[in-house]
Amino acid sequence: MEAVLYEVKNAVAIVTLNRPERLNALEASIHAGLRAAFEKIEADTEIRAVLLTGAGRGFCAGADLMQSLSSGEHDLGASIDRDYNPLVRRMRALPKPIIAAVNGVAAGAGMNLALAGDIIIAAKSANFTQAFIRIGLMPDAGGTYFLPRLIGDARARAMAMLGETITADQALEYGLVYKLFDDANFAEDALALATSLAAKPAEALAAMKTAFNQAATNSLDAQLDLERDLQRQLGHTPDFAEGVKAFIEKRPANFTGKAA
Ligand code: T3D
């Protein structure tokens, strides 16, 4: 059985963590599957959006405590360097939008993997926990970076230090997720959202990722300059011309995603 399933529908790459009996806990085969999936996504110009989700009742339960973390002699820094950090960097640098579709429990690095996505959605029965403290660890995979930016420092510290579980409703109230969908149609609704994203102007989406990524560390001056430079490039794209033409002609735009 493949640890990560990969299929393409409607210009969306659907990447499914597939160890449902372990709530898709992360170990070597999942990390290898994710690396292979993102390599394909980067190389395939037909793919315009990514949908990252989990098989079964979980999204991802973080690092596999039975395999990768069962030996106390395991060098956590080495596995973070090898597997987690390159994955988070890759997701953030990918010039295509990623929807993290949290279908069930998201714990530890599994939760933080979702936070590395661009748009986070969840099934109504999903829940989220920074489980690290329960086993004497601290958040990794970008948790201490993403979490305070998404939900504020007070809630981020409390979630990390107390290790409590929050429901999907709380996650929505905190601003951790964008939208909730019913469990019954979650996969279909998530794909519909990803499909609509894939039909949008690809160059504009890529430019937004660059700008939002850099906003975290830029000064306002630097950010204004960056917006100007990116917008200048977008002004030369066929999708900008098509968007304006479609507006004037009062018809839906047909974006190709082609570069300038
Ligand atoms: O070097 C490095 O890798 C460093 C990186 C570290 C990053 C981290 O993510 S550290 C945090 C690791 N994750 C956790 O501590 C979470 C552990 N899991 C849980 O606390 C709970 O399972 C959940 C809260 C996620 C879900 O609870 P529940 O009651 O819904 O399910 P369950 O019954 O606990 O789990 C179902 C099965 O999945 C169960 O197996 P069984 O008994 O049916 O054979 C359980 O053992 C297994 N499972 C759940 N999480 C993991 C796991 N197996 C391996 N690793 C897991 N993380």
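1. Digging into helix H1 (residues 28-43)
In step 1: For H1, which comprises 16 residues, the first-to-last C-alpha distance of 23 Å matches the rise-based estimate of 22 Å (1.5 Å per residue) to within 8%.
In step 2: Buried residues of H1: Ile30, His31, Gly33, Leu34, Ala37, Phe38 and Ile41, and no others. Burial along H1 is one-sided: seen end-on, the buried residues are contained in an arc of 160°. Exposed side of H1, more than 90 degrees from the buried face: Ala28 and Ala43 are the residues found there.
In step 3: Buried residues belonging to H1 abut strand S1 (4-9), strand S2 (12-17), strand S3 (49-54), helix H2 (76-93) and strand S5 (98-102).

2. Looking at the layout of surface pockets
In step 1: Of the volumes computed, that of the largest pocket is approximately 830 Å³.
In step 2: In terms of lining residues, the largest pocket is bounded by 28 residues, among which Arg92, Gly117, Asp118, Phe212 and Asn213 are the most central.
In step 3: Counting residues per element, the ones that place at least two in the lining of the largest pocket are H2, strand S7 (119-123), helix H4 (143-151) and helix H8 (202-215).
In step 4: Looking at which element gives the most residues to the lining of the largest pocket, the answer is H8, with six residues.
In step 5: The class makeup of the residues in the lining of the largest pocket is 18 nonpolar, five polar and five charged.
In step 6: Empty space within the second largest pocket amounts to approximately 580 Å³.
In step 7: Around the second largest pocket sit 33 residues that line it, and Gly62, Ala63, Asp64, Leu65 and Leu69 are the ones nearest its centre.

Cut-offs used in this document
- Residues numbered from 1 in each chain as written.
- Predicted model: local features only at pLDDT ≥ 70, side-chain atom pairs only at ≥ 80, totals over all residues.
- Heavy atoms only, no water.
- Helix = DSSP H or I, 4+ residues; strand = E, 2+ residues; numbered from the N terminus.
- Expected span 1.5 Å × (residues − 1).
- Buried < 20%, exposed > 50% of the residue type's maximum accessible area, 1.4 Å probe, protein only.
- Arc of directions from axis to C-beta.
- Contact = heavy atoms within 4.5 Å.
- 1 Å grid on protein atoms, 1.4 Å probe; cavity = no way out; pocket = protein on both sides within 12 Å on 5 of 7 lines; lining within 4 Å.
- Points joined across faces, edges and corners; volume = space filled by probe spheres on them.
- Nonpolar A, V, L, I, M, F, W, Y, C, P; charged D, E, K, R; others polar.

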